[in-house]
Amino acid sequence: MIKYITAGKISLIVLFAVGGAFLFMKDLYFSAGMILVFLLLTAISLYYDQRKTIRKMEQMISHIHYGDLNISFHSKGKGAEAALSHAMNEALAAFRSRLYYSVVAETEVEAW
C-alpha cells in the first residue's frame, strides 16, 4: 500500500508542476503560486515519509550490527506502516533464531 501512496505523491508533484507551468504561461501568477505551494507541501510530505522509513531501517540494521536483537517495532498507524513494522519484527525474529542456533552449535562443538 505504501508504494501506491508514494506513487500517488509523485504523480501529484508532476501534475502540480505541469499545472503550475500552464497557469504561469497564461499569466495567472497567483494561481501558479498557490500550485507551487501545494507542490512544495507534497514534496515535503514525500520527503518525510521516506525519511521515516529510512530511519526505521537504519535502527533495525544498527541493532542487528551490534547484536541487540531484543528490539521490536510498534506502529501507531494502520496499513503500510503497520505492515512494515510487522515485517521488520519478523526479520528480527529470524535473526534471533539463527543467532540462537549458531550459539548452541558453537557451544556443542566446544563441549566435544
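Residues numbered from 1 in each chain as written. Predicted model: local features only at pLDDT ≥ 70, side-chain atom pairs only at ≥ 80, totals over all residues. Heavy atoms only, no water.

1. Re the pattern of salt bridges
Part 1 of the reasoning: The tally for this structure, following the rule as stated, stands at 2 salt bridges.
Part 2 of the reasoning: In this structure, the salt-bridge partner of Asp-49 is Lys-9, at a minimum N-O distance of 2.3 Å. Here the residue Asp-49 occupies a position in helix α2 (residues 29-65), and Lys-9 occupies one in helix α1 (residues 2-25), the gap between them amounting to 40 residues.
Part 3 of the reasoning: Take Asp-49: its relative accessible area is 28%, and that puts it in the partly exposed class.
Part 4 of the reasoning: The class of Lys-9 is buried, set by a relative accessible area of 15%.
Part 5 of the reasoning: Taking the shortest distance from any N to any O, the salt bridge between Arg-51 and Glu-58 comes out at 4.0 Å.
Part 6 of the reasoning: On the basis of relative accessibility, which here comes to 30%, the residue Arg-51 falls in the partly exposed class. (Salt bridge = Lys/Arg side-chain N within 4 Å of Asp/Glu carboxyl O. Helix = DSSP H or I, 4+ residues; strand = E, 2+ residues; numbered from the N terminus. Buried < 20%, exposed > 50% of the residue type's maximum accessible area, 1.4 Å probe, protein only.)

Such coordinate-based values are descriptive only and should not be taken to indicate function.
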